[in-house]
Amino acid sequence: RDTKLDLTVDPGRFMAGISHIWNPLTGFGSVPNQAYGYLFPMGSYYWLGSELHIPEWVVQRLWMALLLSAALWGTILLAESLRIGGRWSRLAGGVAYALSPLILAQAHDTSYVIPVVLLPWVMVPLIRASAGVLTPRGAAARSGIAVLLMGGINASASFAVLLLPLIWFATRRPIRDHARLFVLWVAAIALATAWFIIPLLFQQNYGFNFLPYTETASTTT
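What you see is a predicted model; the values in this text were computed from it and never measured.

Conventions used here
Residues numbered from 1 in each chain as written. Predicted model: local features only at pLDDT ≥ 70, side-chain atom pairs only at ≥ 80, totals over all residues. Heavy atoms only, no water. 1 Å grid on protein atoms, 1.4 Å probe; cavity = no way out; pocket = protein on both sides within 12 Å on 5 of 7 lines; lining within 4 Å. Points joined across faces, edges and corners; volume = space filled by probe spheres on them. Helix = DSSP H or I, 4+ residues; strand = E, 2+ residues; numbered from the N terminus. Nonpolar A, V, L, I, M, F, W, Y, C, P; charged D, E, K, R; others polar. Expected span 1.5 Å × (residues − 1). Phe/Tyr/Trp six-rings, centres within 6.5 Å; stacked < 30°, edge-to-face > 60°. Buried < 20%, exposed > 50% of the residue type's maximum accessible area, 1.4 Å probe, protein only. Axes fitted to C-alpha atoms, helices over the stretch in contact; angles between N-to-C directions. Parallel < 35°, antiparallel > 145°, perpendicular 65-115°, else oblique. Left-handed = near helix turned anticlockwise from the far one by under 90°. Contact = heavy atoms within 4.5 Å. Polar contact = N/O pair within 3.5 Å; in protein donor to acceptor, adjacent residues only side chain to side chain. Arc of directions from axis to C-beta.

## Observations concerning empty space enclosed by the protein
- Counted under the stated rule, the structure contains 1 cavity of 30 Å³ or more.
- If you tally residues by element for the lining of the largest cavity, the top one is helix α4 (residues 56-82), at 3 residues.
- Residues of the lining of the largest cavity, tallied by class, amount to 6 nonpolar, no polar and no charged.

Structure follows, in structure tokens:
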């Protein structure tokens, strides 16, 4: 799963090494690639399962079930907030989103799935604040918590899904409450992502840049 087999083999040892930028136990020593991003929530979840002596395959299946359930529930709440459809059509929409090809095809690669799963949870507080159900401060905080739960396994994926709330803000009427909500939301996102952005800067300076060998069109084709 992902590129961190040691997370499932020995979660405790993996978590203990996250706080260090240098790992002498891999190859001839290396700067781990975004290992710190597993600190929360995925790494903590697997560590807890290991401490409770739950079989690893059970921990993995429960994790995948949790992701699918979060996608289902979040989509239903999003439809309710937008006042789209009825009870059964909202449920059908939630099932379609949770079982979409993107989520099912990438279920083994959590780095891509978590941001997609939590995207509805980012949007719901903002929409409810626009409807006057939540205060701008409360909505920004709840939306920020959803981004925090995305983790930092894949920073690009976490930031990519934020394009949707930005489009939503851009299409709102320019009133004072929405401007305040936007400022508070940006601050909440900055706080929710600072814990993995700062280590990412260190990795940029000291880690190996593998992207030219794996992520360019000329290489992949």
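## Quick word on α4
- Taking 1.5 Å of rise per residue, 27 residues should cover 39 Å, and α4 covers 39 Å from first to last C-alpha, within 8% of that figure.
- Where α4 terminates, the next one or two residues include Arg83, which has phi positive at roughly 60 degrees.

## A word on unusual backbone geometry
- Here Phe40 and Pro41 are connected by a cis peptide whose omega angle stands at 0 degrees.
- Tracing the sequence through the fold places Pro41 in helix α3 (residues 39-51).
- One non-glycine residue, His53, adopts positive backbone phi at about 60 degrees.
- Along the chain, His53 turns up in the loop between α3 and α4.

## Some points on the packing of aromatic side chains
- Summed over the entire model, instances satisfying the criterion amount to 10 aromatic pairs.
- Ring centres of Phe159 and Phe196 lie 6.1 Å apart, and the angle between their planes is 55 degrees; on these two criteria the pair is classed as tilted. In this pair, Phe159 is assigned in helix α9 (residues 155-160) and Phe196 in helix α11 (residues 176-206), connecting sequence segments 37 residues apart.
- On the accessibility criterion, Phe159 (37% relative accessible area) is partly exposed.

## Overview of the packing of helix α10 (residues 163-170) against α11
- Packing of α10 against α11 leaves a shortest axis separation of 11 Å and a crossing angle of 160 degrees. In terms of orientation, α10 lies roughly antiparallel with respect to α11. Crossing handedness for the pair α10 and α11: left-handed. Residues Pro165, Leu166, Trp168 and Phe169 of α10 form the contact with α11, whose participating residues are His178, Leu181, Phe182 and Trp185.
- In terms of residue class, the contact of α10 with α11 is made up of 7 nonpolar, 1 polar and no charged.

## Concerning the side chain of Ser100
- Among the secondary structure elements, Ser100 is positioned in the loop between α5 (87-98) and α6 (101-105).
- Engagement of the side chain of Ser100 in a polar contact is seen with the backbone oxygen of Tyr97, the distance being 2.9 Å.

## Describing α5
- Over its 12 residues, α5 runs 17 Å from end to end, which matches the ideal 16 Å to within 8%, given 1.5 Å per residue.
- Those residues of α5 that fall on the buried side of the exposure criterion are Arg90, Gly94 and Ala98. Looking down the long axis of α5, one finds its buried residues gathered within 70 degrees of arc, a one-sided arrangement.
- Residues of α5 that are buried make contact with α4 and α6.

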